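The chain contents come next:
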Amino acid sequence: MEIERKYRIHHLPFDPDIYPHTDIEQGYLCTRPVIRARKDGDRYYMTYKGEGLLAREEYDLPLDASSYRHLIAKADGIRIAKTRYRIPAQNGLTIELDIFHGTYEGLILAEVEFPDMEAAEHFTPPDYFGEEVTFDPKFQNSFLSRKENAGSNKFL
């Protein structure tokens with residue numbers, strides 16, 4: 001079970017390059033349910049995500065590079081490209097800060113994953129976080145990948 005909250009970031013008050021980060025490329029084979037192929041640095045995997053916004057099922061299946069290339073070639077819509085920064089946060093949590101490239105250049109989102117619903121409900125975001133978009137499905141990467149969003153600045 002994945003439990004996470006998501007926020008827009010309009011301005012970063014620090015240089016994110018001081019934190020560990022990887023480049024991510026992902027494509028969607030299906031968006032309902034979500035089936036995604038992802039390259040995260042030198043790791044490859046396919047992910048299944050169930051329905052939901054704050055909490056949902058999530059399963060990762062490791063892939064090798066050849067399997068990833070085979071699957072990503074079959075992906076529909078826009079390939080998502082972003083750099084993910086992993087920033088330590090309160091209570092042992094990690095902020096996953098995504099700075100998007102390509103189609104969504106300029107979009108910055110932060111996600112925080114929680115061990116349980118209670119931790120998610122009591123989370124106080126840092127001052128630099130903008131509005132919470134956890135319950136706005138247009139900020140899910142699977143939605144951003146849809147062809148009809150190509151060339152759109154409505155997310156910025």
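How each quantity is defined
Residues numbered from 1 in each chain as written. Predicted model: local features only at pLDDT ≥ 70, side-chain atom pairs only at ≥ 80, totals over all residues. Heavy atoms only, no water. Helix = DSSP H or I, 4+ residues; strand = E, 2+ residues; numbered from the N terminus. Rg over C-alpha atoms; globule rule 2.2 N^0.38 Å. Buried < 20%, exposed > 50% of the residue type's maximum accessible area, 1.4 Å probe, protein only. UniProt positions renumbered as here; feature names shortened; annotations may be inferred. Contact = heavy atoms within 4.5 Å. Polar contact = N/O pair within 3.5 Å; in protein donor to acceptor, adjacent residues only side chain to side chain. Core = buried A, V, L, I, M, F, W, Y, C linked by side-chain atoms within 4.5 Å. Phe/Tyr/Trp six-rings, centres within 6.5 Å; stacked < 30°, edge-to-face > 60°. Pairing = 2+ DSSP bridges.

K.L.:
Sorry, what's going on with the overall build of the protein here?
P.N.:
Helix and strand counts for the protein stand at 3 helices and 9 strands. Over its C-alpha trace the protein gives a radius of gyration of 15 Å, about what one expects of a compact globule, namely 15 Å for 156 residues. In terms of overall dimensions, the protein has a C-alpha envelope of 40 × 30 × 30 Å along the principal axes. By the burial criterion, 44% of the 156 residues in the protein qualify as buried.

K.L.:
Is there a simple way to explain the UniProt feature "active site" (unreviewed entry) in the protein in this structure?
P.N.:
Mapped onto the present numbering, the UniProt feature "active site" (unreviewed entry) falls at Y28. Setting aside chain neighbours within four positions, we find Y28 in contact with V34, I35, R36, A75, D76, I80, N141, S142 and S145. Reaching out from Y28, the side chain makes a polar contact with the side chain of Q26 at a distance of 2.9 Å.

K.L.:
Hey, could you run me through the nonpolar core in this one?
P.N.:
In summary, soluble globular proteins display a tendency toward joint burial of nonpolar side chains. Membership of the largest hydrophobic core comes to 19 residues, with the highest contact counts inside it found for I9, L97 and F129. Listing elements by their share of this core, those giving two or more residues are strand 1 (2-8), strand 7 (76-88), strand 8 (94-101) and strand 9 (108-113). Here F129 is in contact with Y7, R8, I9, I95, A110, V112 and F123, once residues within four sequence places are set aside. Listed in part, the 11 residues of the second largest apolar core include Y28, V34, I78 and V133.

K.L.:
When you look at the UniProt feature "domain: CYTH" (unreviewed entry) in the protein in this model, what are you seeing that I'm missing?
P.N.:
Taking the UniProt record as the reference, the feature "domain: CYTH" (unreviewed entry) is found at residues 1-146. What you have in residues 1-146 is 12% helix and 46% strand, and the ends, taken at the C-alpha atoms, are 25 Å apart.

K.L.:
It is not clear to me how the packing of aromatic side chains should be interpreted in this structure. Could you clarify?
P.N.:
By the definition in use, this model includes 8 aromatic pairs. Between F14 and Y19 the ring centres are 5.8 Å apart and the planes differ by 80°, which places this aromatic pair in the edge-to-face class. Aromatic side chains Y48 and Y59 sit 6.1 Å apart centroid to centroid with 25° between the ring planes, which places their arrangement in the stacked category. With Y48 in strand 4 (residues 43-49) and Y59 in strand 6 (residues 58-63), this residue pair connects regions lying 11 residues apart in the sequence. Linked through ring pairs, Y7, F14, Y19, F114, F123, Y128 and F129 together constitute an aromatic cluster.

K.L.:
Looking at this structure, how should I read the pairing of strand 8?
P.N.:
Successive residues of a regular strand alternate their side chains across the two faces of the sheet. Strand 8 sits mainly inside the fold: 6 of its 8 residues count as buried. Sheet topology places strand 7 next to strand 8; 8 bridges connect them, and they run antiparallel. When the bridges of strand 8 are listed, A81 appears paired with H101. Linking two consecutive strands that pair antiparallel, namely strand 7 and strand 8, is a turn of 5 residues; a positive phi of about 55° is found at N91 within it. In this structure, strand 8 lies alongside strand 9, joined through 5 bridges in antiparallel fashion. Residue pairing for strand 9: E96 is matched across the bridge by E111. The loop that links strand 8 with its antiparallel partner strand 9 comprises 6 residues; one of these, G102, has a positive phi angle of about 70°.

K.L.:
So what exactly am I meant to see when it comes to the pairing of strand 9 here?
P.N.:
Buried residues dominate strand 9, accounting for 5 of its 6 residues. Bridge analysis of strand 1 against strand 9 gives 5 bridges, and the strand direction is antiparallel. Directly across from R5, in strand 9, lies its bridge partner V112.

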